[in-house]
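One letter stands for each residue in the lines below.
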Amino acid sequence: MEFIDTIKEKAREDKKTIVLPETEDRRTLEAADQILKEDLANIILIGSKDEIEKGSTGLDLSKAEFVDPETYEKTQSYIDKVVELRSKKGMTPEKAKETILNDYTYYGVMMVKMGDADGLVSGACHSTANTLRPCLQILKTKPGTKLVSAFFLMDVPDCEYGEDGLFVFSDCGLNQNPNSEELAAIAGASADSFRLLTGKDPKVAMLSYSTMGSAKHADVDKVAEATKRAKESYPDLTLDGELQLDAAIVPEVGKSKAPKSKVAGNANVLIFPNLDAGNIGYKLVQRLGNAEAYGPLTQGIAAPVNDLSRGCSAQDIVGVVAITAVQAQNQ
Ligand SMILES: CC(C)(COP(=O)(O)OP(=O)(O)OC[C@H]1O[C@@H](n2cnc3c(N)ncnc32)[C@H](O)[C@@H]1OP(=O)(O)O)[C@@H](O)C(=O)NCCC(=O)NCCS
Ligand SMILES: CC(=O)OP(=O)(O)O
């Protein structure tokens with residue numbers, strides 16, 4: 001069974017409520033129609049019902065819940081909560097009202113915060129910064145977690161590498177230039193995400209342009225130091241570095257460049273040294289390798305809220321909603 005079909009089956013077992021704020025985008029509405037047909041989640045659409053219906057000709061959204069911020073009875077309680085949470089950051093009742101009535105992502109995040117939805121998916125027509133900022137500001141990190149990061153679940157067709165073509169790539173969406181401590185934390189969180197979503201054991205490669213000291217530079221030192229920290233923090237994790245991409249995933253290259261490493265040649269979780277590498281890397285595999293790229297999915301945040309690329313399809317949104325529902329089951 002395909003990865004996404006297994007996730008969909010899990011999502012159906014205990015249906016969660018996912019809020020989709022980007023109702024001005026046709027792909028969101030097409031995805032909602034399919035999610036409801038496939039019975040993957042209950043769907044809340046934010047906006048005026050009339051406007052949404054105008055944009056959804058040919059689609060069946062009769063089973064969705066429509067929440068219009070202008071008239072919804074809980075809007076005032078959301079405004080009050082934003083003020084309570086952000087007054088130290090200068091939030092006033094006027095600003096809170098203006099923010100949540102004009103930024104439906106913010107409104108959707110408040111629905112999750114107040115327990116009126118289990119998760120949120122947004123980002124088809126908003127940048128990652130504008131999607132994740134309200135999530136970080138309002139929902140904050142999970143207890144015991146300092147850093148939120150963003151990963152992609154990559155499903156590469158006809159691929160013998162990784163877990164039959166399944167990989168977690170991280171961080172591809174949020175932290176621009178993580179230091180060694182942050183990279184180590186991203187590695188630990190990504191291993192947990194891989195296990196949760198695939199049910200398989202993670203094998204984590206800390207990627208670099210150097211393999212085990214083959215090149216010398218401060219950027220290489222950062223990854224080597226992150227590897228050391230990660231091994232100390234997660235002693236039971238199968239993790240190694242620094243490794244080049246070929247040494248990480250191709251068994252023969254791994255044997256020749258890093259013969260003593262258990263990860264080399266077998267990695268299924270790839271930790272990129274910075275956001276340039278991670279974001280470019282996932283898009284290369286998606287576009288040139290025809291891979292399914294689900295994400296950016298967040299890890300370390302106190303509730304399941306996930307982003308999308310503005311280049312996503314309606315199918316991608318359906319997949320990310322199903323994954324969000326599974327994350328919500330395991331929250
Ligand atoms: C997400 C992002 C916008 C946050 O940065 P910012 O706008 O400068 O916002 P701030 O640094 O003020 O952070 C906002 C809040 O989030 C928190 N935060 C930011 N990054 C965080 C992280 N990685 N983990 C946990 N909390 C974080 C901050 O502590 C802050 O909380 P506070 O307001 O209660 O003090 C920024 O990291 C970013 O732009 N990342 C790159 C996104 C991107 O362009 N990706 C490429 C396409 S996928
Ligand atoms: C993940 C990502 O790159 O998002 P976008 O394409 O929206 O910038």
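Residues numbered from 1 in each chain as written. Chains lettered and ligands numbered in written order. Predicted model: local features only at pLDDT ≥ 70, side-chain atom pairs only at ≥ 80, totals over all residues. Heavy atoms only, no water.

Moving on, we get to the confidence of the model for the protein chain. Within the protein chain, residue pLDDT values average 97, and 100% of them lie at 70 or more. Among the prediction metrics, the complex's ipTM stands at 0.96, with pTM recorded as 0.96. (pLDDT = per-residue confidence, 0-100.)

Taking the numbering used here, the UniProt-annotated feature "domain: Phosphate acetyl/butaryl transferase" (unreviewed entry) corresponds to residues 3–325. Along residues 3–325 one finds 45% helix and 16% strand; the C-alpha atoms at either end are 15 Å apart. (UniProt positions renumbered as here; feature names shortened; annotations may be inferred. Helix = DSSP H or I, 4+ residues; strand = E, 2+ residues; numbered from the N terminus.)

Glancing now at the site of ligand 1. Close to ligand 1 lie 19 residues; R86, K89, R133, K140 and G173 are nearest. Here V148 contributes a backbone N or O atom positioned 2.9 Å from a nitrogen atom of ligand 1. Within the side chain of N175, an N or O atom sits 3.0 Å from a nitrogen atom of ligand 1. For ligand 1, whose free accessible area comes to 940 Å², the fraction covered by protein is 65%. For the shell around ligand 1, the secondary-structure elements that each account for two or more residues are α7 (128–138) and α12 (275–288). Looking at the shell around ligand 1, the element that brings in the most residues is α7, giving five residues. Broken down by class, the residue content of the shell around ligand 1 amounts to seven nonpolar, seven polar and five charged. (Near = heavy atom within 4 Å. Polar contact = N/O pair within 3.5 Å; in protein donor to acceptor, adjacent residues only side chain to side chain. Areas by Shrake-Rupley, 256 points an atom, 1.4 Å probe, with all protein chains shown as cover. Nonpolar A, V, L, I, M, F, W, Y, C, P; charged D, E, K, R; others polar.)

Before going further, it helps to examine the site of ligand 2. Taken together, T128, F152, N279, Y282, K283, P296, S309 and R310 are the residues near ligand 2. A distance of 2.8 Å is found between an oxygen atom of ligand 2 and a side-chain nitrogen or oxygen belonging to K283. Separating an oxygen atom of ligand 2 from a side-chain N or O atom of S309 is a distance of 2.7 Å. In the complex, the protein chains occlude 86% of the 260 Å² of accessible area that ligand 2 would expose alone. Sort the elements by how many residues they give to the shell around ligand 2 and α12 lands first, with three residues. Within the shell around ligand 2, the residues separate by chemical class into three nonpolar, three polar and two charged.

Okay, the pairing of strand β5 (residues 149–155) next. With seven of its seven residues buried, β5 lies for the most part within the structure. On β5, burial covers both faces: S149, F151, L153 and D155 on one face and A150, F152 and M154 on the other are all buried. Judged from the six bridges that link them, β5 and strand β10 (residues 292–299) form a sheet pairing that is antiparallel. Its bridge partner being in β10, A150 is matched across the sheet by T298. Summarising the sheet, β5 and strand β6 (residues 166–170) pair through five bridges and their orientation is antiparallel. Residue pairing in the sheet places F151 in a bridge with S170 of β6. (Buried < 20%, exposed > 50% of the residue type's maximum accessible area, 1.4 Å probe, protein only. Pairing = 2+ DSSP bridges.)

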